[in-house]
Amino acid sequence: MDFTAVLAQIKPKLGCVADNLALIEERIEEAKAAKADLVIFPELALTGYFLKDLVPEVARRLDSPEIARLLELSRGISIAVGFVEETSDYRFFNSALYLEDGVIKHLHRKVYLPTYGLFDEQRYLARGERFRAFDTKFGRMGLLICEDMWHLSSSYILAMDGAATLLCLSSSPGRGVEGESLASAASWQKLTATTALFLNCRVLYCNRVGYEDGVNFWGGSEYIAPSGESIIRARLLEEDSVSARLEEGALRRERIFSPMLRDENLFVTLQELRRIERERGL
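Residues numbered from 1 in each chain as written. Predicted model: local features only at pLDDT ≥ 70, side-chain atom pairs only at ≥ 80, totals over all residues. Heavy atoms only, no water.

Peer 1: Mind laying out the sheet that holds strand 15 (residues 230-233), listing which residues take part and the relevant values?
Peer 2: Spatial ordering of the open sheet is given by 6-7-8-11-14-15, a layout of six strands whose pairing is mixed. Of all the strands in the sheet, just strand 6 (134-136) and strand 15 have a single pairing partner and so form its edges. Taking the axes of each pair of neighbouring strands and ignoring which way they run, one obtains an average angle of 25° across the sheet. When strand 14 (residues 222-224) meets strand 15, the two strands line up antiparallel, connected through three bridges. (Pairing = 2+ DSSP bridges. Helix = DSSP H or I, 4+ residues; strand = E, 2+ residues; numbered from the N terminus. Axes fitted to C-alpha atoms, helices over the stretch in contact; angles between N-to-C directions.)

Below you can see the structure in the form of structure tokens.
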């Protein structure tokens, strides 16, 4: 079915859960007033990104008051949001929730925790262990968190599991220069466009903005159609909110015109991966 999604490109405050929840609520109310069906927030929107030793302090369990409040708000609009999750055995995950009609439809724990350059996530967080598509009132979707999308198998698994729409929640810092643009922005735009094109899927990418520890997050949230075309893109380096109309007819036309997903041979893929596993003794 057709639906309208809002990409809420916010500037979370590091470690300030109450303030961030208030900001998220404000953006949810704005999206509802605009008659949107879904609002998407960045990675770790509830906490900020460079948390380090703050992780245990800002982590929330699924039965916390903050998650209960978001569940209540999801009765009026579907919500995708990132936070630090604490489990009953005291592990901490970089997680994302998809909330709909007062219910947790899906929980994704970030699988690929970067430990290069500016990043040191694996020092503070546990790794997720799966990618699963899930059903929503707007069709089957998949959730990715930032670095997950740079591993091509992640999006591939979700597409083969039936996801027609991929939501990527991101906290990508601005790095380098490429022509008149940020190199990190140009790289992400190539990645999201290529993913949408070759998997015949829609991509909703939501990146944050603002400074933390001298690092600037670049924004540029966007909706990419199944053709690989960027339909709408938020401003760079500033808080913004953009709305995209996702039409089922456009997805149908692209899959008829360019049926790569239909022709994908999962049997061959699995056969060759098993061979590689045997030969490498994995």
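Peer 1: Could you give me a rundown of the pairing of strand 5 (residues 103-109), with the residues and numbers involved?
Peer 2: Note: strand 4 (residues 92-100) against strand 5, six bridges, orientation antiparallel. Along strand 5, the bridge assignment pairs Leu 99 with Ile 104. The loop that links strand 4 with its antiparallel partner strand 5 comprises two residues; one of these, Asp 101, has a positive phi angle of about 55°.

Peer 1: Lay out the pattern of salt bridges with the relevant residues and their values.
Peer 2: Taken as a whole and assessed by the stated rule, the structure comprises 26 salt bridges. A salt bridge links Asp 19 to Lys 13; its shortest N-O distance comes to 3.5 Å. Judged by relative accessible area, which is 39%, Asp 19 ranks as partly exposed. Ionic pairing is found between Glu 279 and Arg 275, a salt bridge with its closest N-O pair at 2.9 Å. Of the two residues, Glu 279 and Arg 275 both sit in helix 8 (residues 266-280), four residues apart, roughly one turn of that helix. Take Glu 279: its relative accessible area is 60%, and that puts it in the exposed class. In this structure, a network of salt bridges that share partners links the residues Glu 25, Arg 69 and Glu 72. (Salt bridge = Lys/Arg side-chain N within 4 Å of Asp/Glu carboxyl O. Buried < 20%, exposed > 50% of the residue type's maximum accessible area, 1.4 Å probe, protein only.)

Peer 1: Tell me what's going on with the environment of Asp 135, and back it up with residues and numbers.
Peer 2: With respect to the helices and strands, the residue Asp 135 is situated in strand 6. Along the backbone, Asp 135 and Gly 162 are 27 residues apart, and their C-alpha atoms lie at a distance of 9.2 Å. The contacts of Asp 135, once residues within four sequence positions are left out, are Lys 105 and Arg 140. Within the structure, Asp 135 has its side chain in polar contact with the side chain of Arg 140 (distance 3.0 Å). (Contact = heavy atoms within 4.5 Å. Polar contact = N/O pair within 3.5 Å; in protein donor to acceptor, adjacent residues only side chain to side chain.)

Peer 1: Give me the lowdown on the sheet that holds strand 16 (residues 240-246), citing residues and values where you can.
Peer 2: Read from one edge of the open sheet, six strands run 5-4-3-2-1-16, paired in mixed fashion. Each having just a single partner strand, strand 5 and strand 16 make up the two edges of the open sheet. In this sheet, neighbouring strand axes are inclined to one another by 25° on average, regardless of whether the strands run parallel or antiparallel. Strands in contact with helix 3 (residues 65-73) are strand 3 (78-86), strand 4 and strand 5; relative to strand 3, the strand with the most contacts, it is inclined by about 170°.

Peer 1: Please provide a residue-by-residue account of helix 8, values included.
Peer 2: Taking 1.5 Å per residue, 15 residues should reach 21 Å; helix 8 reaches 21 Å between its end C-alpha atoms and fits that length. The N-capping residue of helix 8, defined by a side-chain oxygen 3.2 Å from the backbone nitrogen of Phe 267, is Asn 265. Just downstream of helix 8, Gly 281 is the residue with a positive phi angle, here 65°. (Expected span 1.5 Å × (residues − 1).)

Peer 1: Explain the nonpolar core to me, using residue names and the numbers behind them.
Peer 2: Grouped together as the largest cluster of nonpolar side chains are 46 residues, with contacts concentrated most on Ile 40, Tyr 98 and Leu 167. Core analysis: the second largest hydrophobic core is formed by 38 residues, Val 17, Leu 73, Ile 77 and Leu 99 among them. (Core = buried A, V, L, I, M, F, W, Y, C linked by side-chain atoms within 4.5 Å.)

Peer 1: I'd like a description of the packing of aromatic side chains, backed by residues and values.
Peer 2: The final tally for this structure, using the stated rule, is eleven aromatic pairs. Taken together through their ring pairs, the aromatic side chains of Tyr 49, Phe 50, Tyr 116, Phe 119 and Phe 217 make up a single cluster. The ring of Phe 93 has Arg 109 sitting right over it, with the charged end atom 4.4 Å from the ring centre. Residue placement shows Arg 208 over the ring face of Phe 217; its charged tip is 4.1 Å from the ring centre. (Phe/Tyr/Trp six-rings, centres within 6.5 Å; stacked < 30°, edge-to-face > 60°. Lys NZ or Arg CZ within 6 Å of the ring centre and 35° of its normal.)

Peer 1: Give me the lowdown on the environment of Cys 16, citing residues and values where you can.
Peer 2: For Cys 16, the position within the fold is in the loop between strand 1 (3-9) and helix 1 (17-33). Relative accessible area serves as the criterion here: at 29%, Cys 16 is assigned to the partly exposed category. Between the C-alpha atoms of Cys 16 and Thr 47, which are 31 residues apart in sequence, the distance is 6.1 Å. In contact with Cys 16, not counting residues within four places along its chain, are Leu 46 and Thr 47.

Peer 1: Report on the packing of helix 4 (residues 152-160) against helix 5 (residues 183-199), specifying residues and quantitative values.
Peer 2: Each pair of packed helices can be described by the angle between their axes along with the distance between the axes. Between helix 4 and helix 5, whose axes approach to 11 Å, the crossing angle comes to 35°. For the pair helix 4 and helix 5, the sense of crossing is right-handed. The segment helix 4 lies against helix 5, with Leu 152, Ser 155, Tyr 156 and Ala 159 engaging Leu 191, Thr 195 and Leu 199. Among the residues making up the contact of helix 4 with helix 5, the classes are represented as five nonpolar, two polar and no charged. (Left-handed = near helix turned anticlockwise from the far one by under 90°. Nonpolar A, V, L, I, M, F, W, Y, C, P; charged D, E, K, R; others polar.)

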